[in-house]
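These are the residues of each chain, in order.
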Amino acid sequence: MSDVSDYEQERQATIARNRELLKSLGLVDDAKTFKPTKNVQSTAKPVQPRVKKPKEPPMPTRQSTRLRRAPIDPNETPAAKRKRERAEEEKRRRAEEELLAAAEREREAKRPRHHDLDLQTLTDDLEPEELSELRKTFVEILKTPHPKREGSDEAYVFDDDKKEEVEVKQLKKQLGGLKVVSRAKVTQDRIYSAAYHPEPTKDLIFFGDKHGQLGIWDARAPVEEVEDEDGDVAPVEDREGGKYWRLQMHWPASSKSSISSVKFDPIDSFSVYTSAYDCTVRHLSLTSGVSTEVYATDDILLTSVDLPPHGHEMWISDADGGVTHMDLRAHRSHAKRYQLSEVKVGSVSVNPTRPSFLVTASNSRELKVWDARMLETLSSRSLRSTPNSPSRPSSRGKVEDDSSIVSPNEVDSETIQKLLATKKGQSTTRAAWTHNKSVSSAYWDARGRSIVSTSYDDTIRLWDVKPSWFEKDAVFPSSRPFSQIRHNCQTGKWLTILKAQWTTNPDVYPHFSIGNMDHSLDIFSCKGDHIAKLADKSKITAVQAVTCSHPSIVERVVSGNASGRCVLWAPEDL
């Protein structure tokens, strides 16, 4: 038996055939030149994988909800689905807030919060042409002063019901036919407050939003036709109406600076006051275009301001249950704060015909009417100022040598309660009218006679305060509202609180407007008659939470929603 296997024999035969093939091709000598290479170790480093440093954009990149969402259980119950969706929505809102806060930290460092801010600083995103147009608009409305007009407490008080019916019928005719004539996204974020400038030749409205932005809307200004990418021009009904400008009045531009109220100077309307959750009140002069700080607290959120017709005083309500009185002709250190409630005071309103009488709305479920003359007799204690705050310019434009935010003189709750316990002090609170839930707002009408309140108990209440009640140093004899109107006020967390707003026009039958949760606007008379319901489902798809009307033209109403979009309601043939 051969020692060589069949496989080895076949291998040797194959080698022999290959050699014969190479020999026939003349490649035998060339094959000998091929030598195995030595295993020499390379001194070069192996290629390293690239380490990509992630860029840190100023704002995190957006990602679709589908990609952010965790895997969904196909067997989840409807209740679990609702709970998951609520959690996702809350997470998204929280992420947006963190985004804004991160972006504003850098911007805030460049902005002196308590200093004067000129128009260029307030509108740093505007083009020079747009800023020039804003200045021209200011010049036009500064030609004629428009002081706030006072009504009479006996106006539109009739003994004959037929005369009253005639006034109501006329008002329904004037307001019932109002249509949407202009729309625009005036502010970047949710509308919180609004004020209508009294200039009769323009529809100029000032809106305060959630992030401290003051939007100025010339609602009927002509707009140039702008073509889109395809060269098409949008139909008139689909275009933004008028022109608007955005001023960053309060800093930082976050929810900590929501503008809670906007008021024009009642002397001439040449300036505007804004209060905000950044604990400041600012004054914007339309003449100079400079915004100055009028008042500031350390950490108390300011909920509203109001001024009497003479314009030299200001009343400020806050979230800690206080109301502050300030003489605008004196230094802010002379301001006096009264602790009127243990919980938030949502609004304060000064009686336009009797400025000594205030009405406050509070989370204590009470609407109260105060005689400010009695409050002024109380002594106060000076609070320690907050250190390490920057110097600020005074209302005269000169920088004062202040090294702190000046806190007002404080009249505490104990001192006020002692006054109310005395026989003489019982008339300090002329009325304390209880609601079933928190009172979100309460305001005097232009006559200083009617009060309208809104509450979370879904009721609008109306009171008629007779002039003789003011003359007596005694509590008002009646606590029952004149009229009660059922109205859904459950706005929730993401909508601005609904507040009934009186017309400030003293030449028309008293009425007020208020947003409706069904995306419409309701108008009622001072007696509770439903005057009009303004709606347009083809153009309005959101709750019109904030509203106000023109001080001298009856057929003008504006409203704003949670996205910063605003609507002008006026006659269609305007």
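Our subject is the structure listed above.
Residues numbered from 1 in each chain as written. Predicted model: local features only at pLDDT ≥ 70, side-chain atom pairs only at ≥ 80, totals over all residues. Heavy atoms only, no water.

Asker: Help me understand the packing of aromatic side chains in this model?
Answerer: Between two aromatic rings, the relevant description is the distance of the centres plus the angle of the planes. Applying the stated criterion across every chain, the model contains 14 aromatic pairs. Relative to Phe470, the ring of Trp444 lies with its centre 5.9 Å away and its plane at 45°, an arrangement referred to as tilted. Within this pair, whereas Trp444 is found in strand 20 (residues 439-444), its partner Phe470 is found in helix 10 (residues 467-471), the two being separated by 26 residues in sequence. Just as Trp444 is buried, Phe470 falls in that class too. Every member of this aromatic cluster is reached through a ring pair, and the members are Phe357, Trp433, Trp444, Trp463, Trp469, Phe470 and Phe476. Over the face of the ring belonging to Trp494 we find Arg93, whose NZ or CZ atom lies 4.1 Å from the ring centre. (Phe/Tyr/Trp six-rings, centres within 6.5 Å; stacked < 30°, edge-to-face > 60°. Helix = DSSP H or I, 4+ residues; strand = E, 2+ residues; numbered from the N terminus. Buried < 20%, exposed > 50% of the residue type's maximum accessible area, 1.4 Å probe, protein only. Lys NZ or Arg CZ within 6 Å of the ring centre and 35° of its normal.)

Asker: Looking at this structure, I do not really get the sheet that holds strand 24 (residues 501-502). What am I missing?
Answerer: Within a sheet, adjacent strands bond to each other through the backbone by hydrogen bonds, running parallel or antiparallel. The antiparallel open sheet is built from four strands, whose spatial order is 24-25-26-27. Each of the sheet's edge strands pairs with one partner strand only, and the pair in question is strand 24 and strand 27 (530-534). Bridging between strand 26 (residues 521-525) and strand 27 involves four bridges; their strand directions are antiparallel. Among the inter-strand pairings, Ile523 is bridged to a residue of strand 27, identified as Ala532. (Pairing = 2+ DSSP bridges.)

Asker: Please explain the pairing of strand 7 (residues 271-276) as it appears in this structure.
Answerer: Both faces of the sheet carry side chains from a regular strand, because those side chains alternate between them. Among the six residues of strand 7, six are classified as buried, and the element is accordingly described as predominantly covered. Alternating positions in strand 7 separate into two faces, Ser271, Tyr273 and Ser275 on one and Val272, Thr274 and Ala276 on the other, with burial throughout. Pairing between strand 6 (residues 259-264) and strand 7: five bridges, direction antiparallel. Bridging from a neighbouring strand, Val262 pairs with Thr274 of strand 7. The hairpin formed by strand 6 and strand 7 contains six residues between the paired strands, and Ser269 there has a positive phi angle of roughly 65°. The pairing of strand 7 with strand 8 (residues 280-285) spans five bridges and is antiparallel. Each bridged residue has a counterpart across the sheet, and for Ser271 the counterpart in strand 8 is Ser285. The turn joining strand 7 and strand 8, which pair antiparallel and follow one another in sequence, is formed by three residues; a positive phi near 70° is taken by Cys279.

Asker: In this structure, what is going on with the sheet that holds strand 15 (residues 357-362)? I would like to understand it.
Answerer: Ordered by their spatial adjacency, four strands build an open sheet running 14-15-16-19, and the pairing between neighbours is antiparallel. At either margin of the open sheet sits one strand with a lone partner, and together these are strand 14 (345-350) and strand 19 (429-434). Ignoring which end each strand starts from, the neighbouring axes of this sheet average 15° apart. Bridge count for strand 15 against strand 16 (residues 366-371) is five bridges, and the pairing is antiparallel. Within strand 16, the position partnered with Ala361 by the bridge is Leu367. (Axes fitted to C-alpha atoms, helices over the stretch in contact; angles between N-to-C directions.)

Asker: Help me understand the side chain of Asp522 in this model?
Answerer: Relative to the elements of secondary structure, Asp522 occurs in strand 26. The class for Asp522 is buried, based on a relative accessible area of 3%. Setting aside residues no more than four positions away along its own chain, Asp522 makes contact with His487, Phe512, Ser513, Ile514, Asn516, His530, Ala532 and Lys533. (Contact = heavy atoms within 4.5 Å.)

Asker: So what exactly am I meant to see when it comes to the side chain of Asn505 here?
Answerer: For Asn505, the location among the structural elements is in the loop between strand 24 and strand 25 (511-515). In terms of polar contacts, Asn505 uses its side chain to reach the backbone carbonyl oxygen of Ser552, at 3.4 Å. With sequence-adjacent residues up to four places away left out, Asn505 is seen in contact with Arg149, His550, Pro551, Ser552, Ile553 and Val554. (Polar contact = N/O pair within 3.5 Å; in protein donor to acceptor, adjacent residues only side chain to side chain.)

Asker: Help me understand helix 6 (residues 128-141) in this model?
Answerer: An α-helix turns once per 3.6 residues; consequently, residues spaced three or four apart project the same way. Over its 14 residues, helix 6 runs 21 Å from end to end, which matches the ideal 20 Å to within 8%, given 1.5 Å per residue. Listing the buried residues of helix 6 in full gives Leu131, Leu134, Thr137, Phe138 and Ile141. Taken end-on, helix 6 shows its buried residues confined to a sector of 115°, consistent with a single buried face. Exposed side chains of helix 6 directed beyond 90 degrees from the buried face belong to Pro128, Glu129 and Lys136. On its buried side, helix 6 packs onto helix 5 (119-122), strand 3 (204-209), strand 4 (213-218) and strand 5 (243-248). (Expected span 1.5 Å × (residues − 1). Arc of directions from axis to C-beta.)

Asker: Please explain helix 7 (residues 161-175) as it appears in this structure.
Answerer: Between its first and last C-alpha atoms helix 7 spans 21 Å; for 15 residues at 1.5 Å apiece the expected length is 21 Å, and the two agree. Along helix 7, the residues that are buried comprise Glu164, Val168, Leu171 and Leu175. Seen from one end, helix 7 has its buried residues packed into an arc of 60°, which puts them on one side. Projecting away from the buried face of helix 7 at angles above 90 degrees are the exposed residues Lys162, Lys163, Glu165, Val166, Lys169 and Lys173. Of the residues flanking the start of helix 7, the one acting as N-cap is Asp160, its side-chain oxygen 3.0 Å from the backbone nitrogen of Lys162.

Asker: Even after reading the chapter, I still don't get the pattern of salt bridges, so can you show me in this structure?
Answerer: As a working rule, side chains carrying opposite charge can pair if their charged atoms are close by. Counting across every chain of the model gives 34 salt bridges. Between Lys533 and Asp522 there is a salt bridge, and its shortest N-O distance comes to 3.7 Å. Here the residue Lys533 occupies a position in strand 27, and Asp522 occupies one in strand 26, the gap between them amounting to 11 residues. Among the residues examined, Lys533 registers a relative accessible area of 43% and is labelled partly exposed. The structure contains a network of salt bridges with shared partners spanning Glu89, Arg92, Arg93 and Glu96. (Salt bridge = Lys/Arg side-chain N within 4 Å of Asp/Glu carboxyl O.)

Spatial relationships are all this shows, so hold off on functional conclusions.
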